[in-house]
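So the chains spell out like this:
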Amino acid sequence: MTVAARTLTDQEQRERRAWFRARWERGVAFNRRCGMRVRRWEPDGVEIVLPYAEALSAHEGVFHGGVISALIDTAGSGAVIAGHDFTKGSRLSTVSMSVQYLAPARGQEAVARARCLRRGGRVHFADVDVLTDGRICARGQVVVTISGERPGVGDPIEPIDPIAPIDPLTEE
């Protein structure tokens with residue numbers, strides 16, 4: 001037996017996109033603790049900023065490659081969900097990811113620019129460039145599935161204190 005998805009109004013679609021934007025920055029503990037910030041969240045793509053912190057480094061002044069990978073996954077998934085049709089579900093999972101490191105990730109921040117390349121019924125593809133000091137240091141491709149409903153969509157998300165300093169990975 002096939003169950004038809006509930007049709008969402010344009011307003012409900014906008015509310016879900018806004019909720020996921022807030023969740024990416026404040027509701028995902030890893031993203032929050034690393035200090036990731038959403039600079040742009042549009043249906044055609046997103047931009048996520050990660051400030052440098054010693055706790056995120058491989059060597060003094062250089063982001064750890066795993067952190068850059070996590071940023072690629074976060075931004076690529078965000079690019080998909082930011083323009084997603086939520087009548088097709090809201091439970092997102094990464095299926096695969098590839099990363100090409102092009103240069104050491106040195107700088108005060110890493111900026112991931114991502115866009116969804118192809119939207120399918122359940123499988124979606126995104127492309128991500130990561131820049132530090134204005135130069136591309138890594139590229140990645142992210143493949144995600146979206147199906148079923150994610151529990152808690154629409155629940156309140158605690159705001160970030162705009163004057164509290166970002167201190168990645170030390171939050172209690």
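Scroll up a little and you will see the structure.
All residue numbers refer to positions counted from 1 along the written sequence of the respective chain. Given that this is a predicted model, residues contribute local features only at a pLDDT of at least 70 and side-chain atom pairs are listed and counted only at 80 or more, while totals for whole chains, interfaces and linings are drawn from all residues. Side-chain numbers here rest on the full set of heavy atoms in the structure, without hydrogens or water.

**Student:** Which residues make up the overall build of the protein chain, and what are the values?
**Tutor:** By definition, any uninterrupted DSSP run of H or I lasting at least four residues is a helix, any uninterrupted run of E lasting at least two residues is a strand, and each is numbered from the N terminus. Assigned secondary structure in the protein chain consists of three helices and eight strands. When the elements of the protein chain are put in sequence order from the N terminus, they spell out α-α-β-β-β-β-α-β-β-β-β. Evaluated residue by residue, the protein chain yields a buried proportion of 42% over its 172 residues. Only the protein chains shown count as covering a residue, and every accessible area follows the Shrake-Rupley method with a 1.4 Å probe. Entry remark: accessible area of the protein chain is about 9300 Å², with carbon and sulfur atoms responsible for 51%. Note on exposure labels: buried denotes an accessible area under 20% of the residue type's maximum, exposed denotes more than 50%, and partly exposed covers the range between, all computed with a 1.4 Å probe on protein chains only.

**Student:** Before we move on, can you summarise the environment of Arg113 with the specific residues and values?
**Tutor:** In this structure, Arg113 sits in strand 6 (residues 109–119). A residue is classified by how much of its surface remains accessible, and Arg113, at 45% relative accessible area, is partly exposed. For the pair Arg113 and Gly45, spaced 68 residues apart in sequence, the C-alpha separation works out to 7.4 Å. Pairs of residues are marked as contacts when any of their non-hydrogen atoms sit within 4.5 Å. If near-sequence neighbours (up to four positions away) are discounted, Arg113 is found in contact with Val46, Glu47, Asp127, Val128, Asp129 and Leu131. Within polar-contact distance, the side chain of Arg113 engages the side chain of Glu47 at 3.0 Å. Polar contact is defined as a pair of N or O atoms within 3.5 Å, subject to the rule that within protein one atom must be able to donate a hydrogen and the other to accept it, and that residues adjacent in sequence are counted only when both atoms are side-chain atoms.

**Student:** Could you give an account of the pairing of strand 8 (residues 135–146), naming the residues involved and the relevant values?
**Tutor:** Here, strands pair whenever DSSP counts at least two bridges between them. In this sheet, strand 8 lies alongside strand 5 (residues 92–101) in antiparallel orientation, the contact comprising nine bridges. When the sheet's bridge partners are listed, Gln100 is paired in strand 8 with Arg139. Judged from the 10 bridges that link them, strand 7 (residues 123–132) and strand 8 form a sheet pairing that is antiparallel. Each residue of the ladder has a partner; that of Thr132, found in strand 8, is Arg135. As consecutive antiparallel partners, strand 7 and strand 8 are separated by two residues, and within that stretch Asp133 has a phi angle of approximately 50°, a positive value.

**Student:** Help me get a handle on the pattern of salt bridges, residues and values and all.
**Tutor:** Here a salt bridge means any side-chain nitrogen of Lys or Arg lying within 4 Å of a carboxyl oxygen belonging to Asp or Glu. With the rule as written, the count across this model stands at six salt bridges. In this structure, Glu47 engages Arg113 in a salt bridge whose closest nitrogen and oxygen atoms are separated by 3.0 Å. Residue Glu47 is located in strand 2 (residues 45–51), and its partner Arg113 is located in strand 6; the two are separated by 66 residues in the primary sequence. Classification of Glu47 as buried rests on a relative accessible area of 11%. Close ionic contact of Asp129 with Arg139 constitutes a salt bridge, the shortest N to O distance being 2.6 Å. Residue Asp129 is located in strand 7, and its partner Arg139 is located in strand 8; the two are separated by 10 residues in the primary sequence. With a relative accessible area of 36%, Arg139 lands in the partly exposed category.

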